[in-house]
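What follows is each chain in one-letter form.
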Amino acid sequence: MILLEENNRVIYETLKAKFNAAKPESVNIAAVDFDGVQYQISNPDGDKGVINLSAKMRMYEDLVAHGVQDLLKREYGESLLDSPEEGFDVTLRFELASLPSDKEAMAKKASLLKRNCFASVFEKYFKMQEAETASDKTAIVHYHEEEAVYISAQTDRVTVIFSTLFKDPDDIVIGKVFLQEFKDARKAHQQAPQVLFSYGEPPAELSGQPNLLRGDNIGYVTFVLFPRHTNPANRENTINLIHQFRTYLHYHIKCSKAYLHSRMRSKTSEFLKVLNRAKPEAMTEKKFGVGKRV
């Protein structure tokens, strides 16, 4: 299976090119990311010496209560504007004349904007577990259209539950295969987190939560993260992997369907070749003498 990049490649490549350009260049690029995140890279007021990176995220409002502003200030410092551009939730401003020496690292950090926003809620609950403090309420982050992630901390674990909507009946079948692989992975790798999944009805841990999805095309995936996953040494990698789980799952479902379709087309082409070779030769009349036909 392919692990998707945690950063946005378009943002990274664009900013790296502009940061390393011989002279300031104009830029006006709109880009999108998974989960409906929208980006805009532009020069404010046409000033080529300044580049703004703005982002609009469905989940940003939910993350405000979990310290997303403090985390972004920690990561981006003075580059974070107190008032984002109109129509966006967060804006980073880069003055080309005062960039740090490692411009590529700055471009990479900027391309992690979505990841760093999402990380705020995970860091909060990971630190709760580290302090052996149980959360008094479950965090709900609406990260995708009609879908949410639920995060809660206990003294010995952090529970992360993704709700996901399968719009195609075939996705449910293929999704079950993938999720079973996640569940079985713990047999071979004891250090892996525990994975549970259910369809149709939400798990018992979410009883009492509002607006829970129900139906044959609804799935709930539960990750039980233990201290070995949430401790400071492994925390960053855990966040990198888990924040894009929904994207990872649906990406591989679509790749599997594309592979199956390609194999079906290949087999169909082979069968057509066999049938074409099996066509009988055209019947011809042979004459044997006058008036006799065979």
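Heads up: the structure comes first, above all this text.
Residues numbered from 1 in each chain as written. Predicted model: local features only at pLDDT ≥ 70, side-chain atom pairs only at ≥ 80, totals over all residues. Heavy atoms only, no water.

## Describing the overall build of the chain
The helix and strand inventory of the chain stands at nine helices and nine strands. By the compact-globule yardstick of 19 Å for 294 residues, the chain is too spread out, its C-alpha radius of gyration being 27 Å. Viewed in the frame of its principal axes, the chain has a C-alpha envelope of about 105 × 55 × 35 Å. Looking at the chain as a whole, 43% of its 294 residues are labelled buried. Counting only contacts in the chain whose residues sit at least 6 apart along the sequence, the fraction spanning at least 24 positions is 62%. About 16,900 Å² of surface is accessible on the chain, with carbon and sulfur atoms providing 52% of the total. With 40 positive and 40 negative side-chain charges, the chain shows a spacing of 11 Å between the two charge centroids. (Helix = DSSP H or I, 4+ residues; strand = E, 2+ residues; numbered from the N terminus. Rg over C-alpha atoms; globule rule 2.2 N^0.38 Å. Buried < 20%, exposed > 50% of the residue type's maximum accessible area, 1.4 Å probe, protein only. Contact = heavy atoms within 4.5 Å. Areas by Shrake-Rupley, 256 points an atom, 1.4 Å probe, with all protein chains shown as cover. Lys, Arg positive; Asp, Glu negative; His and termini not counted. Charge placed at Lys NZ, Arg CZ, Asp CG, Glu CD.)

## Quick word on the packing of helix H1 (residues 9-19) against helix H4 (residues 103-111)
Running from amino to carboxyl end, H1 crosses H4 at an angle of 150°, the nearest separation of the two axes being 8 Å. When the axes of H1 and H4 are compared, the pair comes out roughly antiparallel. In this structure, H1 meets H4 at a crossing whose hand is right-handed. Residue-level contacts link Ile 11, Tyr 12, Leu 15, Lys 16 and Phe 19 of H1 to Lys 103, Glu 104, Met 106, Ala 107, Lys 108, Ala 110 and Ser 111 of H4. By residue class, the composition of the contact of H1 with H4 is seven nonpolar, one polar and four charged. (Axes fitted to C-alpha atoms, helices over the stretch in contact; angles between N-to-C directions. Parallel < 35°, antiparallel > 145°, perpendicular 65-115°, else oblique. Left-handed = near helix turned anticlockwise from the far one by under 90°. Nonpolar A, V, L, I, M, F, W, Y, C, P; charged D, E, K, R; others polar.)

## Section: helix H6 (residues 169-188)
Between its first and last C-alpha, H6 extends 30 Å over 20 residues, near the 28 Å set by a 1.5 Å rise per residue. Residues of H6 that are buried include every one of Asp 171, Ile 172, Ile 174, Gly 175, Phe 178 and Leu 179, and no others. Those residues of H6 that are buried lie in contact with strand S8 (194-200), strand S9 (215-225) and helix H9 (245-277). (Expected span 1.5 Å × (residues − 1).)

## Notes on the nonpolar core
Counting 61 residues, the largest nonpolar core has Leu 15, Leu 53, Leu 113 and Val 160 as its most contacted members. Residues in contact with Val 160, not counting those within four places in the same chain, are Phe 122, Val 149, Tyr 150, Ile 151, Val 221, Thr 222, Phe 223, Leu 225 and Ile 242. Ranked by size, the runner-up nonpolar core spans nine residues in total, among them Tyr 150, Leu 165, Leu 206 and Leu 212. (Core = buried A, V, L, I, M, F, W, Y, C linked by side-chain atoms within 4.5 Å.)

## Some details on unusual backbone geometry
Backbone geometry follows two general trends: most residues other than glycine have a negative phi, and most peptide bonds adopt the trans configuration. For Asp 35, which is not a glycine, the phi torsion comes out positive at approximately 65°. With respect to the helices, strands and loops of the structure, Asp 35 is situated in the loop between strand S1 (28-32) and strand S2 (38-42). The backbone of Glu 146 shows a phi angle near 70°, a positive value even though the residue is not glycine. With respect to the helices and strands, Glu 146 occurs in the loop between strand S5 (139-144) and strand S6 (147-153).

## Quick look at a nonpolar patch on the surface
Among the surface-exposed residues, Tyr 259, Leu 260 and Met 264 lie close enough to one another that they form a single nonpolar patch of about 340 Å² accessible area. In this fold, Leu 260 is placed in helix H9. (Patch = residues over 30% accessible without salt bridge, like charges linked within 9 Å, V, L, I, M, F, W, Y side chains within 5 Å. Salt bridge = Lys/Arg side-chain N within 4 Å of Asp/Glu carboxyl O.)

## Examining the side chain of Ser 79
Secondary-structure assignment places Ser 79 in the loop between helix H3 (68-76) and strand S4 (90-95). When sequence neighbours within four positions are dropped, the list of residues in contact with Ser 79 reads Thr 91, Leu 92, Arg 93 and Phe 94.

## Here's the deal with the pairing of strand S7 (residues 158-165)
Across the eight residues of S7, eight count as buried, placing the element largely inside the fold. Side chains of S7 alternate between two faces, with Val 158, Val 160, Phe 162 and Thr 164 and Thr 159, Ile 161, Ser 163 and Leu 165 buried alike. Hairpin connection, S6 to S7: the antiparallel pair is bridged by four residues. Both S7 and S9 contribute to a ladder of eight bridges, which runs antiparallel. Considered in S9, the bridge of Ile 161 is made with Thr 222. (Pairing = 2+ DSSP bridges.)

## What about the sheet that holds strand S3 (residues 50-56)?
In sheet architecture, strand pairing relies on hydrogen bonds along the backbone and comes in two forms, parallel and antiparallel. One open sheet accounts for four strands, arranged S1-S2-S3-S4; its pairing is antiparallel. With one partner strand each, in any of the chains shown, S1 and S4 form the two edges of the open sheet. Taking the axes of each pair of neighbouring strands and ignoring which way they run, one obtains an average angle of 15° across the sheet. Alignment of S1 against S2, held across five bridges, turns out to be antiparallel. Bridge pairing links Ala 31 to Tyr 39 in S2. Of the strands in this sheet, S1, S2, S3 and S4 are in contact with H1, which crosses S3 at around 170°.

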